[in-house]
Amino acid sequence: MLNWPKGHREAGAAGVAFALLSVAIFPAVAPDMVPVLGASPASIASYFSSHRMQFLVGNYLGIAAMIPGLLALSYLSALFRRAEDNEGWSWLVVLSSGIFAFGVATADLVVFQAIPFLSAPGLELGAKVASDIAEAGFALAMLPVSGFALAVAWACRATNALPRWVAPSGIVTAAISFAASLGSIWTPPFLAGGGPVTSLALFVFACWFGAIGVALLRKR
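In this text the structure is predicted, and so the values were computed from the model without any measurement.

1. Remarks on the environment of Lys219
Line of reasoning, step 1. One can find Lys219 in the segment after helix H9 (196–217).
Line of reasoning, step 2. On the basis of relative accessibility, which here comes to 32%, the residue Lys219 falls in the partly exposed class.
Line of reasoning, step 3. Between the C-alpha atom of Lys219 and that of Pro163, which follows or precedes it by 56 residues, the distance is 9.6 Å.
Line of reasoning, step 4. When sequence neighbours within four positions are dropped, the list of residues in contact with Lys219 reads Trp4 and His8.

2. Quick notes on the packing of helix H1 (residues 8–22) against helix H5 (residues 66–83)
Line of reasoning, step 1. Axis separation between H1 and H5 bottoms out at 8 Å; the angle between their running directions is 140°. It follows that H1 is oblique to H5 by the angle criterion. By crossing handedness, the relation of H1 to H5 is classed as left-handed. From H1, His8, Glu10, Ala11, Ala14, Gly15, Ala17, Phe18 and Leu21 reach across to H5, where they touch Met66, Pro68, Gly69, Leu71, Ala72 and Tyr75.
Line of reasoning, step 2. Class assignment for the residues of the contact of H1 with H5 results in 10 nonpolar, 3 polar and 1 charged.

3. Considering the packing of helix H3 (residues 41–50) against helix H7 (residues 124–159)
Line of reasoning, step 1. At their nearest, the axes of H3 and H7 sit 8 Å apart, and the two run at 90° to each other. One finds that H3 runs roughly perpendicular with respect to H7. Taken together, the residues of H7 that come into contact with H3 (itself represented by Pro41, Ile44 and Ala45) are Glu124, Ala127, Lys128 and Ser131.
Line of reasoning, step 2. The class makeup of the residues in the contact of H3 with H7 is 4 nonpolar, 1 polar and 2 charged.

4. Structural notes on helix H6 (residues 90–114)
Line of reasoning, step 1. End to end, H6 covers 37 Å across 25 residues, agreeing with the expected 36 Å (1.5 Å per residue, within 8%).
Line of reasoning, step 2. Turning to H6, its buried residues are Ser90, Trp91, Val94, Ser97, Gly98, Ala101, Phe102, Ala105, Asp108, Leu109 and Phe112.

The rules behind these values
- Residues numbered from 1 in each chain as written.
- Predicted model: local features only at pLDDT ≥ 70, side-chain atom pairs only at ≥ 80, totals over all residues.
- Heavy atoms only, no water.
- Helix = DSSP H or I, 4+ residues; strand = E, 2+ residues; numbered from the N terminus.
- Buried < 20%, exposed > 50% of the residue type's maximum accessible area, 1.4 Å probe, protein only.
- Contact = heavy atoms within 4.5 Å.
- Axes fitted to C-alpha atoms, helices over the stretch in contact; angles between N-to-C directions.
- Parallel < 35°, antiparallel > 145°, perpendicular 65-115°, else oblique.
- Left-handed = near helix turned anticlockwise from the far one by under 90°.
- Nonpolar A, V, L, I, M, F, W, Y, C, P; charged D, E, K, R; others polar.
- Expected span 1.5 Å × (residues − 1).

In structure tokens form, the structure reads like this:
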């Protein structure tokens, strides 16, 4: 029986906190959707002027989510490393792909945080440029997220350190995230970065990561 590293409750709570903070942006932007990649300067300036404070707070919470996310990631990596008895290397793939995914997402959220300040009259072009960079980055961030989900699925299959559902659900999460990343290339309204598919991928990933946090809390 695998002897888990100490701190599984803290790591589990961190995973749940990551999920809750990550989805906080959704009620912040409702009932309107954030303009997608390629939207007009006027629609971008209008949206962010109308939703300035609620968007800034929601996006801030999204950045804050990275702190508990990294804590949970560190514990997962330590768990897989112990399960491999320090001889395998799937834990290293989990750790490096997770840091990469969180890093890209954080950089993208920083750009998002600047857009409301560029939505004042006369700065519409700046808001357009920042919005397109952020929305393209949102879609592209789903590519390392997909890799991270696959890494966790692989490590779970290799070690049996977590419940069996983690691996297949991780593969589904990776597939949805990969589909969302294509919104950086093709921009029909449903697929374009920042559109429904990207939002769905973020929601699915957050729920999947949060569910892993629950599994850590309910250690068997």
